[in-house]
Amino acid sequence: MSAPVVGRFAPSPSGYMHLGNLLAMLLAWLDCRSLGGEMVFRMEDLDPARSKPVYAEAMAADLRWLGLDWDRGWPEDPSYAQSKRTALYEEAFRTLKARGLVYPCFCRRSERLAAASAPHPGEREQDGGCRCKELTQTERAALEAAGRRSAWKLKSPDVEITVSDGHYGAFPQNPARDVGDFIVRRADGVYAYQLAVSVDDMAMGVTRVVRGRDLLSSAPRQKWLIETLGGAAPDYCHCPLLTGGAAKLSKRLGSLSTETLRREYRGEEVAGRLAHLCGLIDREEPVAPRELIEEFCWDKITRTDIMIEQR
Ligand code: GLU
């Protein structure tokens, strides 16, 4: 018997969701439900400085308004919020440390890389010039004695890892060459996105990860982390981004936020617009997501990013 299908919503409450986030959520839900799977809702509130309860609450309401549901997770079970899962990340971190896969990084520049958030397009991930991997024990001890706090970086594996993305096909990456060593724990003790997301997908039994294609370049690292920690990596299926003119929509820019959308439209109108924009239905008309389950198929969905007018 094949393993049960488990999909997930994993939004970060750093702002109101926008139309692009909703497209990814709709596709994650349709993918999971069309496979008869169970849907999990995880709240990715890792970064205490950027996460706000008001956005987290709004996200659950947004998904329900759009016509999406889930079987377990936040907010019914608060342990599905990343802020409550530090012990699990700590355990994974200890495993990596015991295997000599991480090292302390004292660079001030590392502190500025907001590793608790998923990387956004255009953000530089490579921390060029960092020599902390080569520090001797004595040098490390001296920095610690001087009160310097360190982040912890993972020694990126120097191997080719290929993720067979369900929508974009084979995506090969050599993490050491292509992204460099990356932070798994920040200097303030907050665990980083790449570690937390891998630990959680593994612990929650997620078998299908559907999200915007800006995170495709994170998938090989996550697959590697999960397998290194003894788990089985999920299938990854990335979806096109919505762009408004030159830029990908971003929560930070407040583009077409659900706060506005919910005031002006019914959930079925927005679901219909999204389904039409991505190629699932031929005409733009109101539709309940559950009506799309039977006909759902990745082949219908465009692979090019979708440009929309900011009305
Ligand atoms: N929480 C991340 C974000 O909102 C997405 C994480 C993921 O799907 O892997 O950008």
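Residues numbered from 1 in each chain as written. Predicted model: local features only at pLDDT ≥ 70, side-chain atom pairs only at ≥ 80, totals over all residues. Heavy atoms only, no water.

Asker: Mind laying out the pattern of salt bridges, listing which residues take part and the relevant values?
Answerer: Under the defined criterion, the tally for this structure stands at 21 salt bridges. Here Arg42 makes a salt bridge to Asp200, at a shortest N to O gap of 3.7 Å. One end of the pair, Arg42, is in the loop between strand 2 (38-41) and helix 2 (53-66); the other, Asp200, is in helix 7 (residues 193-203), with 158 residues separating them in the sequence. For Arg42, a relative accessible area of 0% puts it in the buried group. Judged by relative accessible area, which is 0%, Asp200 ranks as buried. Across the pair Asp200 and Arg85 runs a salt bridge, and its minimum N-O distance is 2.6 Å. (Salt bridge = Lys/Arg side-chain N within 4 Å of Asp/Glu carboxyl O. Helix = DSSP H or I, 4+ residues; strand = E, 2+ residues; numbered from the N terminus. Buried < 20%, exposed > 50% of the residue type's maximum accessible area, 1.4 Å probe, protein only.)

Asker: Any details on a negative patch on the surface? Residues and values, ideally.
Answerer: A cluster of acidic residues, Glu268, Glu269, Glu284 and Glu291, forms a negative patch on the protein surface. Tracing the chain through its elements places Glu291 in the loop between helix 10 (267-278) and strand 13 (306-307). (Patch = residues over 30% accessible without salt bridge, like charges linked within 9 Å, V, L, I, M, F, W, Y side chains within 5 Å. Areas by Shrake-Rupley, 256 points an atom, 1.4 Å probe, with all protein chains shown as cover. Lys, Arg positive; Asp, Glu negative; His and termini not counted. Charge placed at Lys NZ, Arg CZ, Asp CG, Glu CD.)

Asker: Report on the site of the ligand, specifying residues and quantitative values.
Answerer: Every residue close to the ligand is listed here: Arg8, Ala10, Ser12, Glu44, Ala118, Tyr193, Val197, Arg211 and Leu215. At 2.6 Å from a nitrogen atom of the ligand is found a side-chain nitrogen or oxygen belonging to Glu44. In the complex, 87% of the free accessible area of the ligand, which totals 300 Å², lies under the protein chains. Of the residues belonging to the shell around the ligand, the class tally is five nonpolar, one polar and three charged. (Near = heavy atom within 4 Å. Polar contact = N/O pair within 3.5 Å; in protein donor to acceptor, adjacent residues only side chain to side chain. Nonpolar A, V, L, I, M, F, W, Y, C, P; charged D, E, K, R; others polar.)

Asker: Describe the state of the cysteines, with residues and values.
Answerer: A full pass over the atoms with the stated rule returns zero disulfides. Free cysteine Cys130: the closest other cysteine sulfur is in Cys107, separated by 3.7 Å. Of all cysteine sulfurs, the one in Cys278 lies closest to Cys239, which takes part in no disulfide; the gap is 8.4 Å. (Disulfide = S-S within 2.5 Å.)

Asker: Provide a residue-level description of the nonpolar core, including the pertinent values.
Answerer: With 55 residues, the main nonpolar core has Phe9, Leu19, Leu27 and Phe41 as its most contacted residues. Looking at this core, the element that brings in the most residues is helix 1 (residues 19-34), giving eleven residues. Each residue touching Leu27, except ones within four places of it in the same chain, is listed here: Val210, Cys239, Cys278, Leu280, Phe296, Trp298 and Ile301. Judged by nonpolar contacts, the second largest core, of 19 residues, contains Leu46, Phe182, Leu195 and Leu229. (Core = buried A, V, L, I, M, F, W, Y, C linked by side-chain atoms within 4.5 Å. Contact = heavy atoms within 4.5 Å.)

Asker: Describe the packing of helix 3 (residues 86-98) against helix 7, and please don't skip the residues or the numbers.
Answerer: One way to put it is that helix 3 packs onto helix 7 with a least axis distance of 10 Å and a crossing angle of 105°. Put simply, helix 3 runs roughly perpendicular to helix 7. Residues Leu88, Tyr89, Ala92, Phe93 and Leu96 of helix 3 lie in contact with helix 7, whose contacting residues are Leu195, Ala196, Val199, Asp200 and Ala203. For the contact of helix 3 with helix 7, the per-class residue count stands at nine nonpolar, no polar and one charged. (Axes fitted to C-alpha atoms, helices over the stretch in contact; angles between N-to-C directions. Parallel < 35°, antiparallel > 145°, perpendicular 65-115°, else oblique.)

So yeah, pure geometry; function would need other evidence.
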